[in-house]
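Here's the letter readout for the chains.
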Amino acid sequence: MRITVIGAGYAGLVTAAGFAELGNDVACVERDPDRVATLRAGRSPMYEPGLDGLLAAGSGSGRLRFLLPSEAGPAHAAAEAVFIVVGTPRLDDGGVDLSQVWDVVGAMAPDLSPGVTVVVKSTVPVGTTREVGDRLASLRPELRFHMASNPEFLRQGAAVADFLGPDRIVVGVDDDAAAEAMRHAYRPQVDAGVPFMVTAIESAELIKYAANAFLATKLSFINEMADLCEASGAVIDEVAAGLGMDRRIGPAFLKAGPGFGGACLPKDTHALRHTSDSFGTGSRIVGAALSVNEERVHRMLGKVEAAIGAPIAGKKIGVLGITFKAETDDVRESPAVEIVREMVAAGASVRVFDPQGMDRGRSVLPEEVEYAFDAYDAVGGADAAVIATEWQEFAALDLERLAAVLERPVLVDFRNLVDPARAAAAGLSYAAIGRRPV
Ligand code: UGA
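Residues numbered from 1 in each chain as written. Predicted model: local features only at pLDDT ≥ 70, side-chain atom pairs only at ≥ 80, totals over all residues. Heavy atoms only, no water.

1. Here we look at the overall build of the protein
Going by this rule: Labels follow the DSSP assignment, with helices taken as runs of H or I lasting at least four residues and strands as runs of E lasting at least two, numbered in each case from the N terminus. We compute the radius of gyration from the C-alpha atoms alone; for a globule the expected value is 2.2 Å times N to the 0.38, where N is the number of residues. Categorising residues by exposure relies on relative accessible area from a 1.4 Å probe, with only protein chains included: less than 20% of the type maximum marks a residue as buried, more than 50% marks it as exposed, and the intermediate range marks it as partly exposed. Values of accessible area rely on a 1.4 Å probe in the Shrake-Rupley scheme; residue burial ignores everything except the protein chains shown. For the charge count, each Lys or Arg is scored as positive and each Asp or Glu as negative, with His and the chain ends excluded. Here the site of a charge means atom NZ of a Lys, CZ of an Arg, CG of an Asp or CD of a Glu.
When you go through the protein residue by residue, the secondary structure sums to 19 helices and 14 strands. Taking 22 Å as the expected radius of gyration for a compact globule of 438 residues, we find that the protein reaches 23 Å, a close match to that expectation. Relative to its 438 residues, the protein shows a buried fraction of 55%. As presented, the protein carries roughly 18,100 Å² of accessible surface, and 54% of it is formed by carbon and sulfur atoms. If you average the places of the 42 positive and of the 59 negative side-chain charges in the protein, the two averages end up 2 Å apart.

2. Some thoughts on the site of the ligand
Rule in force here: Here a residue counts as near a molecule or strand whenever at least one of its heavy atoms sits within 4 Å of it. For this analysis, a polar contact is any N or O atom pair within 3.5 Å, provided that within protein one partner can donate a hydrogen and the other can accept it, and provided that sequence-adjacent residues contribute only side-chain to side-chain pairs. Throughout, the ten residues Ala, Val, Leu, Ile, Met, Phe, Trp, Tyr, Cys and Pro are labelled nonpolar, Asp, Glu, Lys and Arg are labelled charged, and all others, Gly among them, are labelled polar.
Neighbouring the ligand are 21 residues; Glu-152, Gln-156, Lys-208, Asn-212 and Lys-255 lie closest to it. The contact in question runs from an oxygen atom of the ligand to an N or O atom on the side chain of Glu-152, over 2.8 Å. Measuring from an oxygen atom of the ligand, one finds a side-chain N or O atom of Lys-208 at 2.6 Å. Coverage of the ligand by the protein amounts to 92% of the 710 Å² it exposes when considered alone. Secondary structure elements with two or more residues in the shell around the ligand: helix H10 (201-232) and helix H12 (265-279). Sort the elements by how many residues they give to the shell around the ligand and H10 lands first, with four residues. The residue makeup of the shell around the ligand, split by class, is ten nonpolar, four polar and seven charged.

3. Observations regarding the environment of Gly-309
By the element assignment, Gly-309 lies in the loop between helix H13 (284-308) and strand S9 (316-320). For Gly-309, a relative accessible area of 64% corresponds to the exposed category. Note: C-alpha distance between Gly-309 and Gln-100 (209 residues apart in sequence) is 49 Å.

4. Side note on the packing of H10 against H12
For any two helices packed against each other, the geometry is given by the interaxial angle and the distance between the axes. Heads up, the rule is: Only the stretch in contact is used when fitting a helix axis, every axis being a line fitted to C-alpha atoms; angles between N-to-C directions are given from 0 to 180 degrees. Convention used here: angles under 35 degrees read as roughly parallel, angles over 145 as roughly antiparallel, angles from 65 to 115 as roughly perpendicular, and any remaining angle as oblique. Left-handed describes a crossing whose near helix is turned anticlockwise from the far helix through less than a right angle; right-handed describes the clockwise counterpart. We call two residues in contact whenever any of their non-hydrogen atoms come within 4.5 Å of each other.
Relative to each other, H10 and H12 sit at 110 degrees, their axes nearing to 9 Å. Between H10 and H12, the crossing angle belongs to the class labelled roughly perpendicular. Handedness of the H10/H12 crossing: left-handed. Across the interface between the two elements, Leu-206, Lys-208, Tyr-209, Ala-210, Asn-212, Ala-213, Leu-215, Ala-216 and Leu-219 from H10 touch Leu-265, Asp-268, Thr-269, Ala-271 and Leu-272 from H12. Taken together, the residues of the contact of H10 with H12 sort by class into ten nonpolar, two polar and two charged.

5. Focus on the nonpolar core
Stated formally: Joining through side-chain atoms within 4.5 Å is the link that ties buried Ala, Val, Leu, Ile, Met, Phe, Trp, Tyr and Cys residues into a set, and such a set is a nonpolar core.
Membership of the largest hydrophobic core comes to 66 residues, with the highest contact counts inside it found for Ile-317, Met-343 and Leu-402. Beyond its immediate chain neighbours, meaning those up to four positions away, Met-343 contacts Leu-301, Val-304, Ile-312, Ile-317, Val-319, Ala-348, Val-350 and Val-386. In this structure, Ala-17, Val-85, Phe-163 and Met-182 belong to the second largest nonpolar core, which totals 42 residues.

6. Digging into the packing of aromatic side chains
What counts, and what does not: Planes of paired rings set the category: under 30 degrees apart is stacked, over 60 is edge-to-face and the rest tilted, where pairs are Phe, Tyr or Trp rings (Trp by its six-membered ring) whose centres lie within 6.5 Å.
With the rule as written, the count across this model stands at six aromatic pairs. An angle of 50 degrees between the planes, with centres 4.8 Å apart, marks the rings of Phe-19 and Phe-83 as tilted. Here Phe-19, found in helix H1 (residues 10-21), pairs with Phe-83, found in strand S4 (residues 81-84); they are 64 residues apart in sequence, far enough to count as distant. Since its relative accessible area comes to 0%, Phe-83 is described here as buried. Summarising the aromatic geometry, the rings of Phe-353 and Phe-394 are spaced 6.4 Å apart at their centres and angled 75 degrees between planes, so their arrangement reads as edge-to-face.

7. Regarding the sheet that holds strand S7 (residues 169-173)
As a reminder, the rule being used: Strand pairing is assigned whenever DSSP identifies at least 2 bridges connecting the two strands.
Across the sheet, which stays open at both edges, the eight strands sit in the order S3-S2-S1-S4-S5-S6-S7-S8 with mixed pairing between neighbours. Only two strands of the sheet have a single neighbouring strand rather than two, namely strand S3 (64-67) and strand S8 (196-199). Each strand of the sheet is rotated relative to its neighbour by a mean of 25 degrees, with strand direction disregarded. Bridge analysis of strand S2 (residues 25-29) against S3 gives four bridges, and the strand direction is parallel. By the bridge assignment, Ala-27 is partnered in S3 with Arg-65. Against the sheet, helix H5 (residues 99-108) engages strand S1 (2-6), S4 and strand S5 (117-120), with an angle of about 155 degrees to S4. The sheet contacts of H10 involve strand S6 (146-149), S7 and S8, and relative to S7 the element is tilted by about 145 degrees.

8. Overview of unusual backbone geometry
With a phi angle near 45 degrees, Glu-333 is a residue other than glycine that sits in the positive phi range. Here Glu-333 lies in the loop between S9 and helix H14 (335-345). In this structure Glu-333 comes out as partly exposed when scored by relative accessible area, which is 35%. At Asn-416, a position not held by glycine, the phi torsion is positive, near 45 degrees. Here Asn-416 falls in the buried class, since its relative accessible area comes to 12%.

Written out as structure tokens, the structure reads:
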């Protein structure tokens, strides 16, 4: 199928490369000239496991190319489907900034050919896809086109695997032609038996928000249970394992930690609350999930102070991990970044190390923060080492060496990566999430 994908961010780029891998002819349109130049030179602008290989395969087969908006007219004219995958950032009131969506609708409208299916893949509030259709109809009253909502469920760090092996493909449409076009785009997966769910447009839009808000709720729930474990002597990893064995609950997304972050879960949960409030239906559960998460950063700071046995002002802290989770270089709404900001604001000196997030970290962390070349360098001479992101290399740290380079042998593990017995054997005083310190 001839496809244009508008937007080469984390989701758009994986979508474009993934569609090329499925055998489609894909033009990916991106407004940032530097990003287009990087992609044309065969490099990925972000760290995402498996993406380099997919990009190389796409350009090797000739099925994937990158265009600036000024060059995209012929590709849009030839396209059977146009996927909008631009950013929909959070507004101060929790609502969603749709300006990039409206910009691309205006820009592509003159080029579209009759019969095209316009697909909204950006995460947008319920009702937006229909509004895209209305705006297009007013810009091109003579054009016969179809609309679809096709939310993405890609996890950063596993996005390529998620695109190629999804749990389900959700397609919200008004007519059979749009559903058929979407079946065509995803043909190999549909043929392989991936559940292909055709819904009302509004349902597809809401499935995306409900999924992320449900995941956020699961996390705030398990994080509250972790606090109760610390107070009562229970151990959160045991409690989560016991919960997860109930098939009605399931084991995924029950890892307690410093709170959820990233560009999606917090934003989408806020947006769902905003939408529920604007429809007047209430949002007490998602509101609680958000407030538990927002209080969590401060709680984490308290955990470090308790481990040191003193206020953090004037202390040296080595922080391991600044990305919002492992296997990504993304630091947007990262709990680790928030924790470092609070530490610096409270008067601590902080030295950080992250395997992939150092460059992006520099643009968001306070200027007082120092950058180390590895984990041991980050914690050398510090009053405490803090693991904030679950990079596997931190699970494999040489704990004797860590204890030796620290000024005080204190390890605070927000990701429960380290075996407490191993930490104790290395002479570390060890505090984790949802269990008593050793
Ligand atoms: C999330 C969803 O999981 C994807 O399905 C969705 O497509 C994506 O948002 C999106 O809307 O684009 P992502 O933001 O990549 O994906 O991150 P998650 O893997 O969901 O993790 C979010 C946060 O929860 C991270 O801070 C992570 O560390 C935390 N988390 C996750 C935990 O603390 N414990 C867990 O068990 C799982």
